[in-house]
Every structure is written in C-alpha cells, then in structure tokens.
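One-letter residues, chain by chain:
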Protein chains: 2
Amino acid sequence: MERAVIVIALFHLMNLILLFPSDFTIPWRKVLLTGRRQAHVLEIHRASAGDALVVGVENGKVGQGRITRLTRDELEMDVVLEVDPPAKVPVVLCVAMMRPIVFKRVLQTAVTMGVEAVHVFHSKQVEKSFWQSTALKVDEVREQIILGLEQAKDTVLPEVRIHKRFKPFVEDVLPDLLEGRQGVVADPSGGALKVTAKPKVLIIGPEGGFIPYELERFQSVGCEVIGLGPRILKVETAVSALLSRFS
Amino acid sequence: MERAVIVIALFHLMNLILLFPSDFTIPWRKVLLTGRRQAHVLEIHRASAGDALVVGVENGKVGQGRITRLTRDELEMDVVLEVDPPAKVPVVLCVAMMRPIVFKRVLQTAVTMGVEAVHVFHSKQVEKSFWQSTALKVDEVREQIILGLEQAKDTVLPEVRIHKRFKPFVEDVLPDLLEGRQGVVADPSGGALKVTAKPKVLIIGPEGGFIPYELERFQSVGCEVIGLGPRILKVETAVSALLSRFS
C-alpha cells in the first residue's frame with residue numbers, strides 16, 4: 001500500500017496541495033500533513049523548510065503554504081488562504097460506465113476540466129462486470145476527485161453519482177439535471193450541434209455506442225443527439241474533446 | 001509476448017482492421033491474416049465465416065472484409081475496398097517528450113483525432129531519461145499509429161518525427177512546418193487565441209511548462225502563445241482538448 005502511494009505520487013503533478021479541516025492544528029493557519037501529500041512534497045517537490053507551495057482548502061480558498069518543518073514523516077506549514085478557486089465550467093457530465101481503469105482516468109479528467117457534477121450510468125452495451133469494480137467505492141472515487149483537483153489547482157469537490165440502472169436514471173434523475181440546461185448526447189448517429197450559451201448536460205455512451213431505444217429515451221426527455229465526426233474516439237478522448245468544445 | 005498481444009486486443013476496439021500489401025494473397029481482393037488481428041477477430045469480435053468486418057488498406061480505401069475462413073491461427077477474407085478514409089484535420093501537432101507510457105497514449109490519441117503529423121521534441125523541463133525509451137523505436141511508434149488508425153477507422157499513417165534537441169527543431173524544422181499555417185503554443189502565460197481559418201501547428205509543452213527562453217524562440221519564428229484557462233491539464237488531456245477546439 002505504501003508503495004502504491006508513492007507510485008501515485010511520482011506520476012502525479014499535485015499543482016496544489018488540497019487541505020482538509022482535519023489537517024489543521026490551528027484553524028486555517030497551520031497544518032500538519034503525513035502520508036501521500038507529505039511524501040510527495042519530500043520526494044517529488046524535493047522541498048525544504050522555508051519553501052512555499054500552492055495549497056487550497058477543501059471546498060474553499062486557494063493560497064500559499066510555507067514549510068516550517070519537513071521530516072521523513074511529517075510536513076508542517078503556515079498557511080495563508082487568499083483567492084477563490086477557478087470557477088467550474090457549466091457542464092454536468094453523464095457517462096456510461098466503462099472499464100474501471102478508464103473510469104478512474106475519465107473521472108480525474110472531468111474533475112480537472114472543472115465539471116459541476118459527474119453521473120455514471122448503466123447502458124445496454126456496458127459490461128455488467130464493470131459494476132463490481134472497487135473503483136466505484138466512495139473512497140476510491142474520492143481519491144480520483146482529489147487527484148483531479150490537485151492537478152487543476154481547484155478545491156471544490158464535484159458531486160459524483162452512480163446509477164446502476166438505465167431507466168431510473170433517464171426517467172427520474174436526468175429530467176432534474178436538464179432544468180435550465182441543454183442536453184447533448186454524443187453518438188455517431190447524430191448531426192451537428194446548434195451551440196447555445198446555455199449550461200450543458202453532456203451525455204457520452206459506452207465504446208460500443210447507445211442502442212436505438214436508449215437514444216429514444218434521451219430524446220424523449222429533451223436531449224439532442226450530436227455526432228463527433230466520422231472518427232470514433234475512445235471514451236476518455238471524447239470526454240476531453242467534448243468538454244473543450246462545449247464549455 | 002503472446003499474452004501481451006491478447007491484452008492489447010482486449011482493451012482495444014479495432015473499429016477497422018488495417019490491411020497491408022503483404023496481407024493480400026490476391027491483390028486488393030483476398031487477404032490471409034495471422035497474429036494480433038486474427039486473434040482479435042476470433043476472441044473479441046467472436047466472428048465466424050460469413051461475417052463482414054470493416055477493413056481498410058494502408059494509406060488507401062476503406063471497405064468490407066467478408067470472412068471466408070477463420071481458424072485458431074488464420075483468418076481469410078474477401079475484401080471490397082470502396083470509400084475514402086476520413087479526411088485528416090489540418091493540424092500538425094508538436095509536443096514535448098513525456099513519460100513513455102503517456103507518449104504512447106498521446107500518439108494514439110493524436111492519430112485517432114486525425115492530425116496530419118506529430119513532432120516530438122526536447123524541452124528544458126523534459127527528463128532526459130525519457131529519450132532512452134523503447135517507445136520511440138520505429139516499430140513501437142508504428143504500433144501506436146496503427147492502433148490509433150484502427151480506433152478512428154482511418155488508414156493513412158501520419159508522419160511522426162522525433163527531435164532530440166530543442167534548438168535545431170525550432171530553428172530548422174518549425175519554420176518549414178509554419179508555411180501557410182498559424183503556429184499556436186499552449187502555455188499558462190498566454191492569452192486568448194484569435195482563431196483563424198488557417199491550418200494550425202499546435203505546440204504543447206512538458207508538464208512543467210516551457211521556460212521563458214523557449215517561449216521567446218517560438219515567438220521569434222512567428223508562433224502565438226495562448227492560455228488554456230486557469231486549470232492545468234495533463235498533457236494527454238491538453239492534446240485532445242486543443243485538437244477539439246482548434247481543428
């Protein structure tokens with residue numbers, strides 16, 4: 001486990017160290033960190049006492065942490081929190097469940113790109129076994145969200161919701177999400193999008209695509225089906241391409 | 001090795017089977033396949049004699065292959081090549097070298113999204129050890145290109161060039177690439193882009209960013225520096241986001 005922690009740390013930039021209320025020894029002024037974040041600052045940033053790092057507090061402001069003590073086990077910083085985190089982009093991302101390792105990357109990417117919320121749902125061409133994955137556990141999801149926020153220098157945890165059945169998602173959840181938003185389903189069968197300034201609900205299917213019944217259900221609640229051109233993209237590519245184009 | 005082949009096959013869609021001149025037993029009409037592609041059709045597509053698959057010939061047309069024989073070791077198809085592959089997007093992608101595993105993904109993604117060429121170059125904040133990677137070998141690069149084409153249903157292999165020194169790349173290679181194209185460097189220091197209809201050269205730095213000297217060199221040959229907003233994206237996310245926005 002300790003090894004896994006270091007591997008994550010090595011391949012992750014941590015442009016911001018996300019702080020939680022429990023990290024503070026003096027509220028909003030002094031923190032004591034151990035574990036992954038402390039190891040990262042020691043091994044990757046190779047920082048030492050006196051250095052300043054970008055920090056942010058969960059769902060709060062961004063600022064600076066000045067290292068007062070850094071040992072093999074502990075990191076102590078004086079913290080000043082000054083500015084608001086970057087605004088979220090006005091997009092709710094709904095994506096069919098995918099291979100767990102891809103799910104982790106997609107979740108992280110969506111959080112990095114600043115979506116307001118992520119909904120993961122079942123669809124006919126999703127392998128049932130994907131739903132057994134530990135990647136869907138609350139702690140694992142939270143870990144990916146945090147990695148995404150650290151990458152983006154953001155602090156605000158988006159909502160992530162899991163819907164293991166298609167119909168209740170489309171009939172009971174999606175209509176609420178679509179309040180005041182334009183619903184857009186990416187599918188090879190679709191045409192070009194009439195882009196509006198409205199916030200969006202972006203819906204991306206499994207690699208095998210949506211079945212006609214599913215597309216009908218999306219349309220019946222007011223979504224438009226758009227194509228992404230003749231090239232078939234991997235889900236992770238489609239997510240960043242769509243978010244870039246429509247946000 | 002055989003195991004590795006199957007793993008690639010499992011996690012790869014192969015929306016088109018790319019054929020090479022040497023696969024043909026009767027030119028442009030009949031092919032005999034063994035190895036990765038045959039294994040994929042057998043194990044993943046679970047196809048059988050009579051089934052039709054999307055095929056395309058290297059740098060040529062796309063069409064249909066009808067299976068005439070499929071055994072544990074061999075796949076024989078009657079091929080009809082009818083339509084042109086999707087047009088490339090008018091973008092040359094230049095990207096600083098990155099961790100080899102990321103390089104593979106980025107290369108595949110760029111090919112899937114249809115860039116005309118990929119240039120990989122050195123930059124101050126690129127770890128020198130990355131250049132030792134086997135991922136840069138001709139055969140490995142070709143493998144990623146083929147996977148990207150198969151994903152996109154494309155057949156045309158883009159040029160991929162490797163530049164292990166920054167200055168010769170910017171001074172000797174880049175000016176030629178910029179003939180008739182708008183050069184765009186993505187960097188946090190940049191502003192908004194004045195989008196023109198011109199074909200683009202998109203330049204993306206290492207995760208640590210370009211140093212000021214490098215940005216100056218790019219500007220001295222006519223490139224504009226643009227920002228991608230306050231969020232810092234991973235290289236692979238930046239590539240698909242930029243390609244989506246500017247192509």
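Here is what the cut-offs are and how they apply
- Residues numbered from 1 in each chain as written.
- Chains lettered and ligands numbered in written order.
- Predicted model: local features only at pLDDT ≥ 70, side-chain atom pairs only at ≥ 80, totals over all residues.
- Heavy atoms only, no water.
- Helix = DSSP H or I, 4+ residues; strand = E, 2+ residues; numbered from the N terminus.
- Buried < 20%, exposed > 50% of the residue type's maximum accessible area, 1.4 Å probe, protein only.
- Lys, Arg positive; Asp, Glu negative; His and termini not counted.
- Salt bridge = Lys/Arg side-chain N within 4 Å of Asp/Glu carboxyl O.
- Polar contact = N/O pair within 3.5 Å; in protein donor to acceptor, adjacent residues only side chain to side chain.
- Pairing = 2+ DSSP bridges.
- Axes fitted to C-alpha atoms, helices over the stretch in contact; angles between N-to-C directions.
- Core = buried A, V, L, I, M, F, W, Y, C linked by side-chain atoms within 4.5 Å.
- Contact = heavy atoms within 4.5 Å.
- Phe/Tyr/Trp six-rings, centres within 6.5 Å; stacked < 30°, edge-to-face > 60°.

1. Digging into the side chain of Lys200(B)
All names here are of chain B.
For step 1, the next point in the chain: You can see Lys200 is positioned in strand E11 (residues 200-204).
For step 2, the next point in the chain: Of the side chains with opposite charge, Glu224 comes closest to the buried, unpaired Lys200, at an N-O distance of 7.8 Å.
For step 3, the next point in the chain: A distance of 2.9 Å separates the side chain of Lys200 from the backbone oxygen of Lys198, its partner in a polar contact.

2. Let's talk about the pairing of strand E5 (residues 62-70) of chain A
All names here are of chain A.
For step 1, the next point in the chain: Note that strand E4 (residues 52-57) and E5 share five bridges and pair antiparallel. Opposite Ala52, over in E5, you have Arg66 as the bridge partner.
For step 2, the next point in the chain: Linking two consecutive strands that pair antiparallel, namely E4 and E5, is a turn of four residues; a positive phi of about 60 degrees is found at Asn59 within it.
For step 3, the next point in the chain: Sheet topology places E5 next to strand E6 (residues 75-83); eight bridges connect them, and they run antiparallel. Bridging from a neighbouring strand, Ile67 pairs with Met77 of E6.
For step 4, the next point in the chain: Between E5 and E6, which pair antiparallel in sequence order, lie four residues.

3. Details of the sheet that holds strand E5 (residues 62-70) of chain B
All names here are of chain B.
For step 1, the next point in the chain: Taken together, the six strands give an open sheet; going across it, the order is E1-E4-E5-E6-E3-E2, and neighbouring strands pair in mixed fashion. Only two strands of the sheet have a single partner each, and these edge strands are strand E1 (17-19) and strand E2 (24-26). Taking each pair of neighbouring strands and ignoring which way they run, the sheet shows an average axis angle of 40 degrees.

4. Considering the nonpolar core
For step 1, the next point in the chain: One finds Leu174(A), Ile203(A), Phe218(A), Leu174(B), Ile203(B) and Phe218(B) to be the most contacted residues of the largest nonpolar core, which totals 130 residues.
For step 2, the next point in the chain: Residue contacts for Phe218(B): discarding those within four places in its chain leaves Phe121(B), Phe166(B), Phe169(B), Val170(B), Leu174(B), Val185(B), Ile203(B), Phe210(B) and Cys223(B).

5. Side note on the packing of aromatic side chains
Residues and elements named next belong to chain A.
For step 1, the next point in the chain: Enumeration over the complete set of coordinates arrives at 16 aromatic pairs over all chains.
For step 2, the next point in the chain: When the centroid spacing of 5.0 Å and the interplanar angle of 65 degrees are considered together, the rings of Phe210 and Phe218 count as edge-to-face.
For step 3, the next point in the chain: Classification of Phe210 as buried rests on a relative accessible area of 7%.
For step 4, the next point in the chain: Through a chain of ring-to-ring contacts, three or more aromatic side chains come together here, namely Phe121, Phe166, Phe169, Phe210, Tyr213 and Phe218.

6. Considering the sheet that holds strand E12 (residues 224-226) of chain B
One key point about sheets: their strands pair by backbone hydrogen bonds, in either a parallel or an antiparallel sense.
All names here are of chain B.
For step 1, the next point in the chain: Pairing is parallel across the open sheet formed by six strands, whose spatial order is E9-E8-E7-E11-E10-E12. With partners counted over all chains shown, the strands left at the sheet margins are strand E9 (159-163) and E12, one partner each. Here the strands of the sheet are splayed against their neighbours by 25 degrees on average, with no regard to which way each runs.
For step 2, the next point in the chain: With five bridges connecting them, strand E7 (residues 91-96) and E11 associate as parallel partners.

Interpretation in functional terms is not warranted from these geometric data alone.
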